[in-house]
Amino acid sequence: MIDSSVPDEGGSPTPDPGIVRAFAPPGPGRHAVVAWARRHARRTGARIELLVDPDLEPPPDRPTDAPAGPIALVGALLGHVWGLVVDPGSLTERLGRASAGARLLVVPQSLPEVDVLVATAYEPVTVVPTDPPHPHGAVVLALAHRTTEETIGAAFDAAEQRGAPVHVLRLRDPARWTVVTTEDAAARADEERRDCTDRLSAWRITHPSVPVEVRVGDGDVTVELIGSTCEARLLVVGRSARGRLLGTVTPSPVARTVRRARCPVLVIPPPGPPRRSWWSRARTLPLGTSGPGARDEV
């Protein structure tokens with residue numbers, strides 16, 4: 001992996017927020033990742049850095065009959081020994097660390113453990129499928145009750161940059177959908193739609209050129225999310241803040257969505273460092289105080 005940190009006046013490295021890092025390993029999805037990253041950088045003015053894994057890249061061309069020099073042999077031996085002594089971690093862990101300090105990390109959908117990467121990366125991650133997205137599709141925002149303002153803002157910014165509308169897919173809160181009759185279901189859907197419209201009113205004011213359409217999901221969340229990508233240009237979802245324990249009991253639909261989506265998926269992490277423990281993300285509160293606990297999204 002490359003190191004993109006730049007020293008400040010005091011000599012310590014500082015992250016550059018204007019960097020988009022793209023990992024495009026050899027394979028059919030390489031062109032799609034690079035093309036998406038270039039378009040995003042052109043829209044936002046960010047710089048692009050390509051992340052390279054030496055284990056996946058083919059070696060440089062060298063005549064087969066030319067013997068390797070002693071320096072090359074010693075270097076290969078030292079590299080092998082170093083790999084045995086110092087474990088750099090899995091590819092997913094290295095990509096997660098490489099995302100720190102970047103504005104965005106772009107990876108192919110075919111990446112092994114891409115669901116683990118989006119759950120642990122420090123910064124937003126875009127997962128790009130091999131097939132191109134719908135050229136004139138909308139930006140779909142998956143909006144749950146705990147979706148962060150950063151996620152909503154990312155969807156509206158992406159739509160404005162592309163001159164596209166925002167199609168809001170309102171995801172139901174199972175605790176509020178204990179309905180019995182068809183009339184109850186319709187009333188709940190109207191309530192969800194009103195709540196969604198009220199919540200997005202500020203974003204409509206700050207992005208007046210972006211048309212907004214709201215739809216309340218009426219089925220399985222994962223099926224709804226994947227279905228929304230068939231004619232979309234981009235899907236924007238918030239990353240779950242649940243820990244590994246809760247994630248084992250009730251897995252986040254984001255993990256399954258990024259693997260099967262038909263368009264690029266932008267996953268926005270919640271504020272704060274990623275949680276790799278078994279417990280949910282929660283705010284640390286002083287003794288004797290109260291406040292909101294873990295914030296969860298889709």
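Treat the numbers as computed from the prediction; the structure is a model and nothing was measured.

**Considering the sheet that holds strand 5 (residues 104-108)**
Adjacent strands of a sheet pair through backbone hydrogen bonds, lying either parallel or antiparallel. With mixed pairing, the nine strands of this open sheet are ordered in space as 4-3-5-6-11-10-7-8-9. A single partner strand is all that each edge strand has here, and the edge strands are strand 4 (47-51) and strand 9 (212-216). Sheet twist, expressed as the average angle between the axes of neighbouring strands with direction ignored, equals 20 degrees. As paired elements, strand 5 and strand 6 (residues 125-128) share four bridges and run parallel to each other. Its bridge partner lying in strand 6, Val107 is registered against Val127.

**Here we look at the packing of helix 8 (residues 221-228) against helix 10 (residues 253-260)**
In the contact formed by helix 8 and helix 10, the axes pass within 9 Å of each other and the chain directions differ by 30 degrees. By the angle class used here, helix 8 and helix 10 are roughly parallel. Like other packed secondary-structure pairs, helix 8 and helix 10 cross with a definite hand, here right-handed. Taken together, the residues of helix 10 that come into contact with helix 8 (itself represented by Val221, Thr222, Leu225 and Ile226) are Pro253, Arg256, Thr257 and Arg260. Considered class by class, the residues forming the contact of helix 8 with helix 10 number four nonpolar, two polar and two charged.

**A closer look at the nonpolar core**
Residues Val106, Val139, Phe156, Val168, Leu200 and Val236 are the most contacted members of the largest nonpolar core, which totals 33 residues. Looking at which element gives the most residues to this core, the answer is helix 5 (residues 149-162), with six residues. Residues contacting Val168, with those up to four places away along its chain left out, are Leu141, Leu143, Cys196, Leu200, Val212, Glu213, Val214 and Arg215. Of all hydrophobic cores here, the second largest spans 28 residues; its members include Leu95, Val125, Leu225 and Cys263.

**Looking at the state of the cysteines**
Applying the stated criterion across every chain, the model contains zero disulfides. With no disulfide of its own, Cys230 has Cys263 as its nearest cysteine by sulfur position, at a separation of 8.7 Å. For Cys263, a relative accessible area of 0% corresponds to the buried category.

Calculation rules
Residues numbered from 1 in each chain as written. Predicted model: local features only at pLDDT ≥ 70, side-chain atom pairs only at ≥ 80, totals over all residues. Heavy atoms only, no water. Pairing = 2+ DSSP bridges. Helix = DSSP H or I, 4+ residues; strand = E, 2+ residues; numbered from the N terminus. Axes fitted to C-alpha atoms, helices over the stretch in contact; angles between N-to-C directions. Parallel < 35°, antiparallel > 145°, perpendicular 65-115°, else oblique. Left-handed = near helix turned anticlockwise from the far one by under 90°. Contact = heavy atoms within 4.5 Å. Nonpolar A, V, L, I, M, F, W, Y, C, P; charged D, E, K, R; others polar. Core = buried A, V, L, I, M, F, W, Y, C linked by side-chain atoms within 4.5 Å. Buried < 20%, exposed > 50% of the residue type's maximum accessible area, 1.4 Å probe, protein only. Disulfide = S-S within 2.5 Å.

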